[in-house]
Amino acid sequence: MTDEPIDVLIIGAGASGAAIAWSLVETRMRIVCLEQGGNMNPLDYPSAGRDWEARTSSDFSISPNARNLPSDYPVNDNDSPIKVANFNAVGGSTILYAGQFPRFHPSDFRVRSLDDVADDWPIDFATLEPFYAQNDHMMGVAGLAGDPANPPRPSIDMPPLPLGKAGQAVAKGFNSLGWHWWPSDCAIATRPFDGRERCVNLGTCVSGCAQGAKASTDITYWPHARRRGVELRTHCRVREITVDDQGMASGVIYFDSNGREQALKAHVIVLACNGIGTPRILLNSKSTTFPDGLANSSGLVGKNLMFHPYAAVQGVFDEELDGYRGPHKGIQSQEFYETDPSRGFVRGYTFEYSRGLGPVGTAVTGLSRNRIRWGEDHHDSYRKLFSRITSLVALCEDLPEEHNRVTLDPDLTDSNGIPAPKISYTFSDNSLKMLEHAVARGTEVLKAAGATDTFSISPIDFSGWHLMGTARMGTDPARSVVNEWGRSHDVKNLFIVDGSIFVTSAGVNPTSTIQALSLYIADQMKQRLANLFD
Amino acid sequence: MNILQKSGHQFQQLSREETAILHAIAETVIPASHQYDLPSAGDAPIFSDILATSTKSRSELHTALSVLDDVAYQVAGTGFAALTVTSRLPVGETFRKNHPQQAMVLETLIVQCYYRDDRVMRSLGMEARAPFPKGFVVEQGDWSLLDPVRKRNAFYRPAP
Ligand SMILES: Cc1cc2nc3c(=O)[nH]c(=O)nc-3n(C[C@H](O)[C@H](O)[C@H](O)COP(=O)(O)OP(=O)(O)OC[C@H]3O[C@@H](n4cnc5c(N)ncnc54)[C@H](O)[C@@H]3O)c2cc1C
Ligand code: SF4
């Protein structure tokens, strides 16, 4: 291995790592990405087999602790009512994500000014808008322009996902209450797009899309970035970032696919390991210059962890709905998105609908809700639910609190002996009130839609799929980890581009914003190449 | 002490006793149906699938079977597999109420295999196949439902 430093080293090949790799490639710098997972083969996805539902609780579980694959690292989340969900491979967690792809609202960047809570972002909606658009074109988004809950947009690349019977029923429910709903932006191809096939309604989006319709970054950004020269090294797990005498990042130490320790030097390092993986690496990168971990003079690395507290309301209908067919997502409502003080909480939430359940999912849900019985009644009670359930899930804005945090577990390590992350998290009163409101309103909608029975789960424990806030962005080095264009305040050649840098979480799924931020930071870097470290 | 603890169980393969309990619980959760012409979850091909699949969660399974057998001894004075079909249901109810996590382990294993059996899928009106590559049809639905929402004024909050 040569000792010559590479130009840019990206750690993590998920949503944000892929976007910045693609954007920086035009600089003709030598870019290498280290990813602890491997390349996915879509034909290995569960939907290609009869055991597709069973595999969602084994090798395609959303929980890294349940999967326990060689590419995974354990997460101690015993001290958190929300359990972490992720995926570690080229494509990162987008391999499993549902593809719901909304944007933040302008108000989400001004939470302190508007509602006197948390902090304003150092950038605004207008700054990110062109990068949202660029990202939508790269990922391929289906949706419909004209949503009154969001700023206007000229057009959207592909028509929305089908309403189906379930979407139609839920839409009628919203209409009868006079509440907003709209087709969700979804990163799912509804017609052939950029070499990808259109969605054929496999209904398995959260265990990988064998059809290649869902925009996971292994099939969107990565083929373009690799073709243009980015080197992607798989099964390489970074232990720590090293520093030189001047306090600049000098490279990384990582374990290669044979478990051998390697060093790689770089002029610029970009962290893209998500809101848990990124603080873990920073906290593991202790040195005499940075005894509390790298980029941590503010003491905020790992703090202010935000998930989105989730509630689900399920409705049972007399008529047959879509059941196991079709993508999980399709429509959403932002009736309760913006702050209304009369509700007793600040900020708000989005209702996403979740289309239906497979045959096994129906049985598990019915048994756990005591709607399906053991014994002779099993078959009749099962048939009352099969293809007759649809759900609303409420995604609630989580506000930053320093005690919600990622630290290093003193005992737990991954297969390379690297200390694993430990999560400490509690719900705020604001979140609990919001969840309660959402369950009540969601039940109203489903009843208005014709549901004969409803039941709810609130909060959902395995819903830690949105990982944000643990290396927040800001202009004040005492109150933030990176500056307003993603560069560490402390280490001038270290950048962070994943959800760690979120100041607040908004009440929408984060990935389009994570990627827009990553493209924006790439753009800032390109504009400042001559004096990047000043 | 139940039969599994007595036999000094090694927490690897399922023992004969454990297999018998698993079979009994499978038949109890999902018995055969004449009305729908359906086999029980203890039917030979389905139960073989359950046994093959059980290797993936062995340690949880050992615990769940052991707890179920304990409950049977407490409630009915004998092991679960030795109970008559009708007396298994009240034992099952106590087990579900007091040990929901262990009940869920057994229920999930059983329904995962039952609801992918060809006969069962066909009886539900499904084609007996994997979702990929053929996929499914989802109707567009009535987009005119969006008309009242289209008429609404923009209501996102302006930011300073
Ligand atoms: C089940 C599920 C459903 C979801 N649904 C949605 C949705 O509908 N909409 C939405 O917006 N979001 C959704 N998400 C979240 C979405 O997937 C994430 O927001 C997004 O992928 C985060 O991007 P990222 O780049 O920050 O991290 P990731 O995509 O998680 O990528 C991080 C990468 O870094 C690698 N890495 C970590 N540590 C190291 C190390 N030490 N060395 C080398 N590599 C490392 C990991 O292996 C991983 O590949 C969902 C997630 C899950 C799990
Ligand atoms: S429903 Fe569509 S997007 Fe989802 S897995 Fe199937 S083909 Fe892919």
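Before reading on, note that the structure itself is shown above.
The shown structure was predicted, so the numbers you read here are calculated from the model rather than taken from an experiment.

Enquirer: How do you make sense of the site of ligand 2 when you look at a structure like this?
Expert: Around ligand 2, the surrounding shell consists of Ile188(A), Cys199(A), Val200(A), Asn201(A), Leu202(A), Gly203(A), Thr204(A), Cys205(A), Cys209(A), Gln211(A), Lys214(A) and Pro327(A). Class assignment for the residues of the shell around ligand 2 results in seven nonpolar, four polar and one charged.

Enquirer: Can you walk me through the site of ligand 1 in this structure?
Expert: Residue and element names in this part refer to chain A. The environment of ligand 1 is made up of 37 residues, and the closest members are Ser16, Glu35, Ser93, Gln100 and Thr511. Contacts to ligand 1 include Gln36, whose side-chain N or O atom sits 3.0 Å from an oxygen atom. At 2.9 Å from a nitrogen atom of ligand 1 is found a main-chain nitrogen or oxygen belonging to Val238. Broken down by secondary-structure element, the contributors of at least two residues to the shell around ligand 1 are helix H1 (15-24), strand S6 (237-243), helix H7 (274-284) and helix H11 (511-527). Residues that form the shell around ligand 1 fall into these classes: 18 nonpolar, 16 polar and three charged.

Enquirer: It is not clear to me how the sheet that holds strand S13 (residues 405-413) of chain A should be interpreted in this structure. Could you clarify?
Expert: Residues and elements named next belong to chain A. Strand order in the open sheet formed by three strands is S3-S14-S13, with mixed pairing between adjacent strands. Edge positions in the sheet fall to strand S3 (76-79) and S13, since each has one partner strand and no second. Averaged over neighbouring strand pairs, the angle between their axes works out to 40° when direction is ignored. Pairing between S3 and strand S14 (residues 419-424): two bridges, direction parallel. The residue bridging Asn76 from the neighbouring strand is Lys422, located in S14. Each of S13 and S14 touches H7; the most contacted strand, S13, lies at about 70° to it.

Enquirer: It is not clear to me how helix H5 (residues 164-177) of chain A should be interpreted in this structure. Could you clarify?
Expert: Residues and elements named next belong to chain A. The end-to-end C-alpha distance of H5, which contains 14 residues, comes to 20 Å, matching closely the 20 Å that a straight helix rising 1.5 Å per residue would cover. Against the buried residues of H5 lie strand S10 (331-333), strand S11 (349-354), strand S12 (389-396) and helix H10 (429-448). Phi for Gly178, located one or two positions after H5, is positive at around 75°.

Enquirer: Help me understand the pattern of salt bridges, please; the structure alone is not making it clear to me.
Expert: Side chains bearing opposite charge may pair, as long as their charged atoms lie close to each other. Tallied over the full model, the rule gives 38 salt bridges over all chains. Ionic pairing is found between Asp115(A) and Arg347(A), a salt bridge with its closest N-O pair at 2.7 Å. Remark: Arg347(A) occurs in the loop between S10 and S11 and Asp115(A) occurs in helix H3 (residues 111-115); sequence separation between them is 232 residues. The buried category is assigned to Asp115(A), whose relative accessible area is 11%. Its relative accessible area of 1% is what places Arg347(A) among the buried residues. Linking Asp118(B) and Arg122(B) is a salt bridge whose minimum nitrogen-to-oxygen distance equals 4.0 Å. Of this pair, Asp118(B) and Arg122(B) both sit in helix H7 (residues 118-123), four residues apart, roughly one helical turn. Linked by salt bridges that have partners in common, Asp108(A), Asp115(A), Arg347(A), Glu397(A) and Arg157(B) make up one network.

Enquirer: Could you clarify how one ought to interpret the packing of helix H5 (residues 85-98) of chain B against helix H6 (residues 100-114) of chain B in this entry?
Expert: Each pair of packed helices can be described by the angle between their axes along with the distance between the axes. Residues and elements named next belong to chain B. Close contact between H5 and H6 brings their axes to 5 Å; oriented N to C, the two are set at 120°. Contacts between H5 and H6 involve Phe95, Arg96, Lys97 and Asn98 from the former and Pro100, Gln102, Ala103, Leu106 and Glu107 from the latter. A breakdown of the residues in the contact of H5 with H6 according to their chemical character gives four nonpolar, two polar and three charged.

Basis of the calculations
- Residues numbered from 1 in each chain as written.
- Chains lettered and ligands numbered in written order.
- Predicted model: local features only at pLDDT ≥ 70, side-chain atom pairs only at ≥ 80, totals over all residues.
- Heavy atoms only, no water.
- Near = heavy atom within 4 Å.
- Nonpolar A, V, L, I, M, F, W, Y, C, P; charged D, E, K, R; others polar.
- Polar contact = N/O pair within 3.5 Å; in protein donor to acceptor, adjacent residues only side chain to side chain.
- Helix = DSSP H or I, 4+ residues; strand = E, 2+ residues; numbered from the N terminus.
- Pairing = 2+ DSSP bridges.
- Axes fitted to C-alpha atoms, helices over the stretch in contact; angles between N-to-C directions.
- Contact = heavy atoms within 4.5 Å.
- Expected span 1.5 Å × (residues − 1).
- Salt bridge = Lys/Arg side-chain N within 4 Å of Asp/Glu carboxyl O.
- Buried < 20%, exposed > 50% of the residue type's maximum accessible area, 1.4 Å probe, protein only.

These figures capture arrangement, not role.
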